[in-house]
Amino acid sequence: MTGRIFTSTHQTYDLPPLLSWSVVHTGTVPCDSYTVTCLYSKEMAPILPLAAGFIGFEDGQLVARGIVDDFSVDLDGGGTTVTITGRGAAARLLDNESRPVTYQDATLEEIVRRHVTPYGVVAREVADVQARSVYTVAAGSSQWKVLESFCRTYGGFAPRFAINGALLAAPERDNGRRLCIGDADPVLHCSWREDHYGVLTEALVIDKKRNVSYSVKNPDMIAKGGQCRRVVYTPGQSTWAAMRYTGEYQIQKSREEQRLITVTMPGSFLAYPGDRVELSLSRLGLSGTFRVAEAENVCSQRDGFTATLTLKEGI
């Protein structure tokens, strides 16, 4: 991978050949992140303090884009190196808080216009979603929380980001990309973990103002003998649809980490979040189609190029 930084004065600077790097793609929150290390020269001294953005290329294709959070210059027996780290586009929305505001019949387009685009994030997809009720933004909410809560509550989906940093505020579509991993493939490591702790069997949503409730249950965990209920209070004037989505969201969040499979293979940028992996590892008794939730790509002198995919149940 090669790297390039952008300064706050709108200049570009191509980094020297990278000695090591790590790129993590999630497409959501926790947001994408990267770390790159290269040789340092004194000519970089006036440039690095102004570094604001980073992009990475692999074989001419953009594979990483984000803001620059920090850099460090280190001098030791091996020479002088600089390490630059940063996060993806979601960081711009996480780092900024919204003023408290109440919307009546707000649309997702309006939410994006007021809470996303002012922070330099370009929206590539915006679904046709409308609240048709009061939507309240509490004090201290990040711009990301404003966007995500609206999408979850009134659209039933989570917003995400493309590799180039563009916002995709629309339901996820199957992009058709498939990666097959079987017994004959060079799997360096595979881990299968299932954790029932904290997985909800019921979410009881209560409208405080109208004193009405809506119960959403998780039949899969109930069948496994689980018993874990959460009571969630919503502000007044919540519709039944909003209450249902709130309950479903609570259950979905609780079981996101219930079953995780991580697979490490040689290579880099084998798959991205949202891609599907057809897994068939007879030694572990694992088979089926899974969704890539996170992809970590690493280049190091010790291990060379490796890609670690975190897989969740196929959606």
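A. Geometry of the sheet that holds strand 15 (residues 202-207). On the basis of which strands lie adjacent, the open sheet formed by three strands has the order 16-15-17 and mixed pairing. Each edge of the open sheet carries a strand with a single partner, namely strand 16 (212-217) and strand 17 (229-234). With strand direction ignored, the average angle separating the axes of adjacent strands in the sheet is 20°.

B. Quick look at the environment of Cys299. By the element assignment, Cys299 lies in strand 20 (residues 286-300). Judged by its relative accessible area of 11%, Cys299 is buried. Along the backbone, Cys299 and Thr35 are 264 residues apart, and their C-alpha atoms lie at a distance of 10 Å. Setting aside chain neighbours within four positions, we find Cys299 in contact with Ser20, Trp21, Gly304 and Phe305.

C. Expanded view of the pattern of salt bridges. In the structure shown here, the tally under the stated rule is twelve salt bridges. Note that Asp14 and Arg4 form a salt bridge whose closest N and O atoms lie 2.6 Å from each other. One end of the pair, Asp14, is in strand 2 (residues 12-14); the other, Arg4, is in strand 1 (residues 2-7), with ten residues separating them in the sequence. With its nearest N and O atoms 4.0 Å apart, the salt bridge here joins Arg152 to Glu148. Within this pair, Arg152 and its partner Glu148 are both found in helix 3 (residues 143-155), separated by four residues, close to a single helical turn.

D. Looking closely at helix 3. In this model, helix 3 (13 residues) spans 17 Å end to end at C-alpha, consistent with the 18 Å of a helix rising 1.5 Å per residue. Counting buried positions along helix 3 gives ten out of 13 residues, so the element sits mostly inside the fold. Turning to helix 3, its buried residues are Gln143, Trp144, Val146, Leu147, Glu148, Phe150, Cys151, Arg152, Thr153 and Tyr154.

E. Region of interest: helix 2 (residues 108-115). Looking at helix 2, one finds that the buried residues are Leu108, Glu110, Ile111, Val112 and His115. Close packing links the buried residues of helix 2 with helix 1 (90-94), strand 8 (101-104), strand 9 (123-126), strand 10 (134-137), helix 3 and strand 12 (167-169).

F. The side chain of Thr310, seen in detail. Tracing the backbone shows Thr310 in strand 21 (residues 304-313). Given the relative accessible area of 14%, Thr310 is considered buried. In this structure, Thr310 is in contact with Leu260, Ile261, Thr262, Arg291, Val292, Ala293 and Glu294, ignoring residues within four places of it in sequence.

G. A look at the pairing of strand 15. Most of strand 15 is tucked away, with six of its six residues classed as buried. The alternating pattern of strand 15 places Glu202, Leu204 and Ile206 and Ala203, Val205 and Asp207 on opposite faces, both of which are buried. Examined bridge by bridge, strand 15 and strand 16 share six bridges and lie antiparallel to one another. Bridged to Asp207 within strand 16 is Val212. Direction of pairing for strand 15 relative to strand 17: parallel, over a ladder of six bridges. Among the inter-strand pairings, Ile206 is bridged to a residue of strand 17, identified as Tyr233.

H. Focus on the sheet that holds strand 9. Spatial strand order, 9-12-11: three strands in an open sheet with mixed pairing. A single partner strand is all that each edge strand has here, and the edge strands are strand 9 and strand 11 (160-161). Strand direction decides the pairing type here: strand 9 and strand 12, joined by three bridges, are parallel. Bridge pairing in strand 12 places Glu125 opposite Leu168. Contacting strand 9 and strand 12, helix 2 runs over the sheet at an angle of about 155° to strand 9.

I. Just the nonpolar core, in detail. The biggest cluster of nonpolar side chains holds 29 residues, and the ones touching the most others in it are Leu108, Ile111, Tyr135, Leu147, Phe150, Phe161 and Leu167. Of all the elements in the fold, those that place two or more residues in this core are helix 1, helix 2, strand 10, helix 3 and strand 12. Per-element tally for this core: the top contributor is helix 3, with six residues. With 21 residues, the next largest nonpolar core counts Leu48, Phe54, Ala64 and Tyr272 among its residues.

Procedures and definitions
- Residues numbered from 1 in each chain as written.
- Predicted model: local features only at pLDDT ≥ 70, side-chain atom pairs only at ≥ 80, totals over all residues.
- Heavy atoms only, no water.
- Pairing = 2+ DSSP bridges.
- Helix = DSSP H or I, 4+ residues; strand = E, 2+ residues; numbered from the N terminus.
- Axes fitted to C-alpha atoms, helices over the stretch in contact; angles between N-to-C directions.
- Buried < 20%, exposed > 50% of the residue type's maximum accessible area, 1.4 Å probe, protein only.
- Contact = heavy atoms within 4.5 Å.
- Salt bridge = Lys/Arg side-chain N within 4 Å of Asp/Glu carboxyl O.
- Expected span 1.5 Å × (residues − 1).
- Core = buried A, V, L, I, M, F, W, Y, C linked by side-chain atoms within 4.5 Å.

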